[in-house]
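# Residue-level structural notes
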Amino acid sequence: MMFQRKPSHTYIGDVWRDPDNRHDKREEDHSLYFDSETGQYIVVEEVEQVSGPNVSCSHTIHTVQEYLKLHPDRREVVECAIAAHKK
């Protein structure tokens, strides 16, 4: 599913970027957004793969709870980003 950013989505920041993406033809990053329509935070995982002249891109959209179940080691980064946004 491609993520279509809506006017109600506020980009908060990246919560993870693939540190080794320079040497691969694959780039991955995870970004936190706030949806003002729903009052919910979401995390969008984006993976971009380059194969010759072709580029494919995929997005996975998670609630914060779903994301932290998959990536519990990123809890502190996500919670700090949300706390900073709420100030």
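These figures come from a predicted structure and were not determined experimentally. (Residues numbered from 1 in each chain as written. Predicted model: local features only at pLDDT ≥ 70, side-chain atom pairs only at ≥ 80, totals over all residues. Heavy atoms only, no water.)

## Here we look at the packing of aromatic side chains
As enumerated under the stated definition, the model contains 3 aromatic pairs in all. A centroid spacing of 5.0 Å and a plane angle of 50° characterise the contact between Phe3 and Tyr33, whose relative ring orientation is tilted. Of this pair, Phe3 sits in the segment before strand 1 (9-17) while Tyr33 sits in strand 2 (residues 26-35), and the two are 30 residues apart along the sequence. There is no split in this pair, since Phe3 and Tyr33 are both buried. Judged by its relative accessible area of 10%, Tyr33 falls in the buried class. Grouping aromatic residues by their ring pairs yields a cluster made of Phe3, Tyr11 and Tyr33. (Phe/Tyr/Trp six-rings, centres within 6.5 Å; stacked < 30°, edge-to-face > 60°. Helix = DSSP H or I, 4+ residues; strand = E, 2+ residues; numbered from the N terminus. Buried < 20%, exposed > 50% of the residue type's maximum accessible area, 1.4 Å probe, protein only.)

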